[in-house]
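A look at the structure
Listed below are the residues making up each chain.
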Amino acid sequence: MMMWEALREGLDEEMEKDPTVCLMGEDVGHYGGSYKVSYGLYKKYGDMRLLDTPICENGFMGMGVGAAMTGLRPIVEGMNMGFLLLAFNQISNNCGMLHYTSGGQFKVPMVIRGPGGVGRQLGAEHSQRLESYFQSIPGVQLVACSTVANSKALLKSAIRSDNPIIFFEHVLLYNVKGEVHPGDYCQCLERAEMVREGTDVSIFCYSRMRYVVMQAVAELEKQGYNPEVIDLISLKPFDMETISKSIKKTRKAIIVEECMKTGGIGASLSAVIHESLFNELDHEVLRLSSQDVPTSYAYELEAATIVQPEKVVEAVHKVCGTRVAA
Amino acid sequence: MVLGREFEEMCAQMYYRGKMFGFVHLYSGQEAVSTGVIKACLRKDDFISSTYRDHVHALSKGVSARKVMAELFGKKTGVSRGQGGSMHLFDREHGLLGGYAFIGEGIPIGLGAAYQVAYSRRVLGNESDDRVAVNFFGDGTCNVGQFYESLNMATLYKLPCIFVVENNKWAIGMNHPRATAPSGIADNEPWIYKKGPAFGMPGVHVDGMDVMKVREVAMEAVERARRGEGPTLIEAETYRYRGHSLADPDELRRKEEKEHYAARDPIPQFAKYMVANGLATESDIKALEAKVKEVVDDCVEYAENSPKPDMSQLLENVFADPKGFGIGPDGRYRYENPGFTAGTAEVS
């Protein structure tokens with residue numbers, strides 16, 4: 001099945017299991033979601049549980065927080081993650097901080113999800129990566145799904161979590177095909193995923209960049225390299241067990257991300273790696289990130305803004321040295 | 001009302017004596033609104049949300065005065081364990097959904113609680129669930145987008161949410177007419193209650209210095225909401241006797257205005273009413289005042305003698321599920337490390 005179907009299945013299963021789970025957002029009800037994640041569910045669960053909101057992100061995000069504080073488990077969808085910039089007040093102050101500021105009295109078991117990332121010529125405002133902006137908010141977890149299997153399994157966990165989870169989907173991954181885990185499988189929100197075990201270099205990535213990296217890996221294998229690829233999954237907090245084990249093995253690290261270089265997820269990860277694993281490194285950590293520019297409409301400029309497989313190959317050459325194919 | 005006034009005046013004393021810090025916003029003068037709406041019309045299981053001027057809302061809702069004072073002193077026995085302070089009073093048991101520092105951000109929260117009640121009735125089948133949520137905020141808040149977004153959704157989804165504007169004419173140093181345009185084409189006044197009908201709900205104006213009038217108007221709005229007929233916007237004309245906060249030099253408000261509202265002080269007004277209608281005698285009132293003074297003195301003693309927060313509180317409540325701090329290099333969740341309860345664990 002495709003990722004949108006997997007997400008839909010996860011949502012349906014959790015809504016069926018727990019009557020306090022509900023979805024709110026623009027066009028999530030009758031329209032079925034801008035990427036079909038809630039397609040047809042309003043017929044099964046009704047208009048209150050698939051709440052079509054007016055266009056007022058900060059308002060309905062806050063409404064979600066209030067509902068979560070008083071006993072529901074809402075999922076609030078940003079039609080495009082970028083729109084959630086309008087809800088930053090509620091996400092930062094209330095979603096993230098309220099459990100602490102209330103002395104632990106109110107929990108906010110919410111999932112904030114939506115499509116983000118650079119698509120196909122959608123222009124600067126529809127091509128945003130908010131994971132770097134939300135990074136510093138205390139009290140939230142940031143999770144990025146990337147495959148059919150992990151998207152459903154992570155969404156189920158996120159819905160069941162008592163913490164507020166910001167769940168990043170990618171506009172270009174909804175039609176990716178794959179298999180879901182059987183049964184009621186829920187994936188741990190705090191663990192990274194080993195994509196390919198290797199020995200030469202640790203490549204850390206997330207979301208769509210996983211596919212860009214694996215494309216590069218196909219080429220690198222031919223050239224005789226043996227990279228280890230890890231999908232971070234949990235952008236905050238970092239799974240330091242998986243990350244440090246990998247670096248101790250390969251002694252080299254490359255971070256491949258779609259958010260912008262300045263203040264990105266990679267900036268945090270790079271700092272943490274240098275601070276805690278300095279003596280395990282043979283080379284400084286390389287960060288491959290998007291350019292610090294608004295995403296252009298024109299195809300070539302857009303392509304030059306984000307990381308392409310060739311850049312990953314180059315980076316591996318840089319840290320590992322040139323190799324002769326076996 | 002008397003408790004509210006005594007409590008707030010004590011806060012001023014405590015602040016200037018260095019027991020209370022930061023931004024403290026006192027409610028003195030506005031007691032009729034808090035008592036008239038909350039004390040007179042709401043139940044323990046109803047919800048309220050407020051702004052930073054939340055001390056008396058908390059007291060009216062039944063929150064322990066001792067715990068509020070302890071919170072203001074930053075002690076661990078405070079309602080929010082000393083972690084919230086004056087502007088962030090929360091009490092789950094009494095349905096106090098928060099004091100909020102950013103005005104307007106508490107309104108969708110109250111709306112969400114009302115949504116939860118509607119959900120309880122319409123989805124979960126609890127047809128007799130008639131709880132309501134009341135949002136309190138000021139004139140300045142009525143220009144914030146979230147206010148309008150919430151009015152729209154409250155009517156659209158027919159939620160049991162009541163919006164109470166405590167129009168005390170001043171948003172720090174901004175006099176209401178300087179910040180808010182007139183509310184009608186033929187109107188010269190920036191009425192807030194007139195915005196209700198524009199969003200499909202009744203808008204009511206009331207003299208916020210008269211507790212009986214506030215009670216009457218609030219009762220009707222609350223009953224309406226309990227019957228499932230939707231939201232109401234109430235504009236209460238009121239006044240704060242002190243500055244915006246204890247740090248405000250209050251230089252802009254004219255003497256005549258202050259004197260006008262001092263003459264309409266809700267507390268002596270209501271005392272006169274009670275005596276005139278045989279509801280209480282002068283000595284009853286004196287006894288009440290003495291009792292309240294005792295209560296407030298007791299609060300201060302309680303707060304003084306309460307311990308400061310433990311260092312464990314640094315990390316404890318950041319997440320409802322401390323797994324949120326993640327997995328450390330040793331493979332254990334970070335909250336499992338001994339330093340976590342001492343507030344010294346590495347968590348990032």
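As the structure is a prediction and not an experimental result, all values here were calculated from the model.

1. A look at the overall build of chain B
For chain B, the count of helices and strands is 13 helices and 7 strands. The C-alpha atoms of chain B give a radius of gyration of 21 Å, which matches the 20 Å a tight globule of 348 residues would have. Dimensions of chain B, computed from the C-alpha atoms along their principal axes, are close to 70 × 50 × 40 Å. If you take every contact in chain B between residues at least 6 apart in sequence, the share linking residues at least 24 apart comes to 70%. With an accessible surface of roughly 14,600 Å², chain B has 53% of that area assigned to carbon and sulfur atoms. Put simply, chain B has 42 plus and 48 minus side-chain charges, and the middle of one group is 1 Å from the middle of the other.

2. Structural notes on the packing of helix H1 (residues 2-16) of chain B against helix H12 (residues 282-305) of chain B
Residues and elements named next belong to chain B. One can describe the packing of H1 onto H12 by two numbers: an axis separation of 9 Å at closest approach and a directional angle of 40°. Here H12 runs oblique to H1, going by the angle between their axes. Of the two possible hands of crossing, H1 and H12 adopt the one that is right-handed. From H1, Val2, Leu3, Glu6, Phe7, Met10 and Met14 reach across to H12, where they touch Leu288, Glu289, Val292, Val295, Val296, Asp297, Cys299 and Val300. Across the contact of H1 with H12, the residue classes break down as 11 nonpolar, no polar and 3 charged.

3. Remarks on the domain arrangement of chain A
Residue and element names in this part refer to chain A. The assigned domain composition of chain A is domain 1 (3-170) and domain 2 (193-320). Listed as interface residues are 29 residues of domain 1 and, on the opposing side, 27 residues of domain 2. In total, about 2,300 Å² of surface goes out of reach between domain 1 and domain 2, with carbon and sulfur atoms giving 51% of it. Ranking the residues of domain 1 by area buried against domain 2 places Gln121, Arg129 and Gln135 at the top, with a combined share of 29%. Linking domain 1 with domain 2 are 0 salt bridges, by the criterion used here. The interface formed by domain 1 and domain 2 holds 20 residue pairs in polar contact (both at pLDDT 80 or more) in total.

4. Describing helix H4 (residues 65-72) of chain B
Residues and elements named next belong to chain B. Of all 8 residues in H4, 6 are buried, a share of seventy percent or more. Among the residues of H4, those classed as buried are Ala65, Val68, Met69, Ala70, Glu71 and Leu72. On its buried side, H4 packs onto H1, helix H3 (55-60) and H12. Within two residues after H4, Gly74 carries a phi angle of roughly 75°, on the positive side.

5. Looking at the nonpolar core
Core analysis: the largest hydrophobic core is formed by 80 residues, its most contacted members being Met69 and Phe204 of chain A together with Tyr115 and Phe163 of chain B. Non-local contacts of Met69 of chain A, meaning those with residues more than four positions away in its chain, are made with Leu98, Phe106, Lys107 and Val108 of chain A together with Phe90, Arg92, Leu97, Tyr100 and Ile109 of chain B.

6. Some details on the sheet that holds strand E1 (residues 47-49) of chain B
Residues and elements named next belong to chain B. The sheet built from 5 strands is open, its strands ordered E1-E2-E3-E7-E6 with parallel pairing. Either end of the sheet is taken by a strand with one partner, and the two such strands are E1 and strand E6 (203-207). Adjacent strand axes in the sheet meet at a mean angle of 20°, parallel and antiparallel pairs treated alike. Examined bridge by bridge, strand E2 (residues 133-138) and strand E3 (residues 161-167) share 6 bridges and lie parallel to one another. Bridging across to E3, Phe136 finds its partner in Val164.

7. Notes on the domain arrangement of chain B
Per the domain assignment, the segments making up chain B are domain 1 (2-298) and domain 2 (310-348). On a C-alpha basis, the centres of domain 1 of chain B and domain 2 of chain B stand 37 Å from each other.

8. A closer look at the packing of helix H3 (residues 57-69) of chain A against helix H4 (residues 88-96) of chain A
All names here are of chain A. The N-to-C vectors of H3 and H4 enclose an angle of 25°; their axes lie 8 Å apart at closest approach. Between H3 and H4, the crossing angle belongs to the class labelled roughly parallel. Like other packed secondary-structure pairs, H3 and H4 cross with a definite hand, here right-handed. Residues Asn58, Met61, Gly62 and Val65 of H3 form the contact with H4, whose own contacting residues are Phe88, Asn89, Gln90, Ile91, Asn94 and Cys95. When its residues are assigned to classes, the contact of H3 with H4 shows 5 nonpolar, 5 polar and no charged.

9. Observations regarding the interface of chain A and chain B
Each partner contributes residues to the interface: chain A has 53 residues there, and chain B has 51 residues. Taking both partners together, chain A and chain B bury about 4,200 Å²; carbon and sulfur atoms supply 64% of that area. Across the contact surface, chain A and chain B share 0 salt bridges. Applying the counting criterion to the chain A and chain B interface returns 27 residue pairs in polar contact (both at pLDDT 80 or more). Where the side of chain A that touches chain B is concerned, the elements lending two or more residues are strand E1 (21-25), strand E2 (50-52), H3, H4, helix H5 (98-101) and helix H9 (240-250) of chain A. Among the residues making up the side of chain A that touches chain B, the classes are represented as 22 nonpolar, 22 polar and 9 charged.

10. Looking at the UniProt feature "domain: Transketolase-like pyrimidine-binding" (unreviewed entry) in chain A
As recorded in UniProt, the feature "domain: Transketolase-like pyrimidine-binding" (unreviewed entry) lies at residues 1-176 of chain A. With 36% helix and 16% strand, residues 1-176 of chain A has end C-alpha atoms that lie 8 Å from one another.

11. Some remarks on the pattern of salt bridges
All names here are of chain B. Under the counting rule described, the total for this entry stands at 45 salt bridges over all chains. Across the salt bridge formed by Arg254 and Glu256, the nearest N and O atoms sit 3.4 Å from each other. The exposure class of Arg254 is exposed, given its relative accessible area of 53%. Overall, Glu256 belongs to the partly exposed group, its relative accessible area being 48%.

12. Here we look at the sheet that holds strand E10 (residues 234-236) of chain A
Residues and elements named next belong to chain A. If you trace the 7 strands from one edge of the open sheet to the other, you get E2-E1-E3-E4-E6-E5-E10, paired in mixed fashion. The open sheet has two edge strands, E2 and E10, and neither has a second partner. In this sheet, neighbouring strand axes are inclined to one another by 25° on average, regardless of whether the strands run parallel or antiparallel. Sheet contacts for helix H1 (residues 3-17): E1, E2, strand E3 (73-77) and strand E6 (165-170); angle to E1, the most-contacted strand, approximately 130°.

The rules behind the values
- Residues numbered from 1 in each chain as written.
- Chains lettered and ligands numbered in written order.
- Predicted model: local features only at pLDDT ≥ 70, side-chain atom pairs only at ≥ 80, totals over all residues.
- Heavy atoms only, no water.
- Helix = DSSP H or I, 4+ residues; strand = E, 2+ residues; numbered from the N terminus.
- Rg over C-alpha atoms; globule rule 2.2 N^0.38 Å.
- Contact = heavy atoms within 4.5 Å.
- Areas by Shrake-Rupley, 256 points an atom, 1.4 Å probe, with all protein chains shown as cover.
- Lys, Arg positive; Asp, Glu negative; His and termini not counted.
- Charge placed at Lys NZ, Arg CZ, Asp CG, Glu CD.
- Axes fitted to C-alpha atoms, helices over the stretch in contact; angles between N-to-C directions.
- Parallel < 35°, antiparallel > 145°, perpendicular 65-115°, else oblique.
- Left-handed = near helix turned anticlockwise from the far one by under 90°.
- Nonpolar A, V, L, I, M, F, W, Y, C, P; charged D, E, K, R; others polar.
- Domains from an automatic or database assignment.
- Buried area = accessible area lost by both parts, 1.4 Å probe.
- Salt bridge = Lys/Arg side-chain N within 4 Å of Asp/Glu carboxyl O.
- Polar contact = N/O pair within 3.5 Å; in protein donor to acceptor, adjacent residues only side chain to side chain.
- Buried < 20%, exposed > 50% of the residue type's maximum accessible area, 1.4 Å probe, protein only.
- Core = buried A, V, L, I, M, F, W, Y, C linked by side-chain atoms within 4.5 Å.
- Pairing = 2+ DSSP bridges.
- UniProt positions renumbered as here; feature names shortened; annotations may be inferred.

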